[in-house]
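Residue-level structural notes
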Amino acid sequence: MKNFIIDHRKQKKLTQDELAKIVGVTRQTIISIEKGKYKPSLPLAFKLARALQTTVDELFIMEDE
Amino acid sequence: MTTSDKIIRLTFWITNASLVLMALLYWSNFSDITPTWLMVLTFVILVAILLAFSWMRRKWGIKSFKGIYWTDDERDIDITMKVHSELMKSSLYILYGLLFILMILSNQNLSAEQVSITIFVYVWLSLFFENVQYYWLWNKYKK
């Protein structure tokens, strides 16, 4: 699974720490998600999408798509 | 370093210290002069460790998930579940090992004291191994 969190986060001028605080996780979790090492749960994916004012579809795509 | 990292490190060292103290207590049973001071000291240190741990938990606001501590967020829960799964496997192997050792010991005509020492050493080493494994796996999955 690929994600575009970095791009959306930078567009919104948010730091990893700020985004982490908004969605209620640690900065390490945001780093892991951005690097593609950790796949977030559906509720967290929705929280991220809401925080970055986008949709889950825009943030995450399956590699074979 | 997240709160969960801190508590994992603290737990690792507290468990190590507790294991050393337990080994000292056990050893004191076999010494000719019963070192009462050692038993008192060990008891005081164990109580101090438990109190310090409880205070740290409140100070760091450690969350828990289904009775498992040090989970700051869902990724920590995920890591904890993976670590616990590995530890359950290890525990099963350790139990099989204990069965095997008991089978061997039962044919050796050993005294109760010798059997007790062997089992103590085996359990002590198992607990030490699992403690190291927990710390190592947590750091491995956290990366």
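Structure first, text after, so check above.
The paragraphs below set out a description of the structure included in this document. All figures in this text were calculated on a predicted structure; none of them were measured in a lab.

Criteria and cut-off values
- Residues numbered from 1 in each chain as written.
- Chains lettered and ligands numbered in written order.
- Predicted model: local features only at pLDDT ≥ 70, side-chain atom pairs only at ≥ 80, totals over all residues.
- Heavy atoms only, no water.
- Helix = DSSP H or I, 4+ residues; strand = E, 2+ residues; numbered from the N terminus.
- Rg over C-alpha atoms; globule rule 2.2 N^0.38 Å.
- Buried < 20%, exposed > 50% of the residue type's maximum accessible area, 1.4 Å probe, protein only.
- Contact = heavy atoms within 4.5 Å.
- Axes fitted to C-alpha atoms, helices over the stretch in contact; angles between N-to-C directions.
- Parallel < 35°, antiparallel > 145°, perpendicular 65-115°, else oblique.
- Left-handed = near helix turned anticlockwise from the far one by under 90°.
- Nonpolar A, V, L, I, M, F, W, Y, C, P; charged D, E, K, R; others polar.
- Buried area = accessible area lost by both parts, 1.4 Å probe.
- Salt bridge = Lys/Arg side-chain N within 4 Å of Asp/Glu carboxyl O.
- Polar contact = N/O pair within 3.5 Å; in protein donor to acceptor, adjacent residues only side chain to side chain.
- Arc of directions from axis to C-beta.
- Expected span 1.5 Å × (residues − 1).

1. Section: the overall build of chain A
- In terms of helices and strands, chain A carries five helices and two strands.
- The order of helices and strands in chain A, counted from the N terminus, is β-α-α-α-α-α-β.
- Over its C-alpha trace chain A gives a radius of gyration of 11 Å, about what one expects of a compact globule, namely 11 Å for 65 residues.
- For chain A, the spread of C-alpha atoms along the principal axes amounts to about 30 × 20 × 20 Å.
- Every one of the 65 residues in chain A was classed for burial, and the buried ones make up 42%.
- A fraction of 56% describes how many contacts in chain A between residues 6 or more apart in sequence connect residues 24 or more apart.

2. Some details on unusual backbone geometry
- Located in the positive-phi region is A:K13, a residue other than glycine, with phi close to 55°.
- Looking at the element boundaries, A:K13 is found in the loop between α1 (5-11) and α2 (16-23).
- Residue classification places A:K13 among the exposed positions, given a relative accessible area of 74%.
- The backbone of B:N109 sits at a positive phi, close to 50°, despite the residue not being glycine.

3. Concerning the packing of helix α3 (residues 74-105) of chain B against helix α4 (residues 112-142) of chain B
Residue and element names in this part refer to chain B.
- Packing of α3 against α4 brings their axes to within 9 Å, and their N-to-C directions diverge by 160°. Put simply, α3 runs roughly antiparallel to α4. Crossing handedness for the pair α3 and α4: right-handed.
- The residue inventory of the contact of α3 with α4, partitioned by class, reads 17 nonpolar, eight polar and six charged.

4. Looking at the interface of chain A and chain B
- The interface is formed by 11 residues belonging to chain A together with eight residues belonging to chain B.
- Taken together, both faces of the contact between chain A and chain B bury some 790 Å²; the carbon and sulfur share is 49%.
- By the criterion of area lost to chain B, the three top residues of chain A are A:T26, A:Q28 and A:Y38, representing 56% of everything that side buries.
- For the pair chain A and chain B, the interface holds zero salt bridges.
- Summed over the shared surface of chain A and chain B, the number is five residue pairs in polar contact (both at pLDDT 80 or more).
- Among the elements that make up the side of chain A that touches chain B, the one with the highest residue count is helix α3 (residues 27-35) of chain A (three residues).

5. Observations regarding α2(A)
Residue and element names in this part refer to chain A.
- Of the positions making up α2, those classed as buried are L19, A20 and V23. Relative to the axis of α2, the buried residues are bounded by an arc of 100° and lie together on one face. Opposite the buried face of α2, by more than 90 degrees, sit the exposed residues K21 and I22.
- Contacts from the buried residues of α2 go to α1, α3 and α4 (42-51).
- Residue G24 follows α2 closely and has a positive phi angle near 80°.

6. Section: α4(B)
Residue and element names in this part refer to chain B.
- If you check α4, its first and last C-alpha atoms are 44 Å apart, about what 31 residues at 1.5 Å a residue would give, namely 45 Å.
- Listed in full, the buried residues belonging to α4 are Y122, S126, E130, N131, Q133, Y134, L137, W138 and K142.
- Those residues of α4 hidden inside the fold are in contact with α1 (3-30) and α3.

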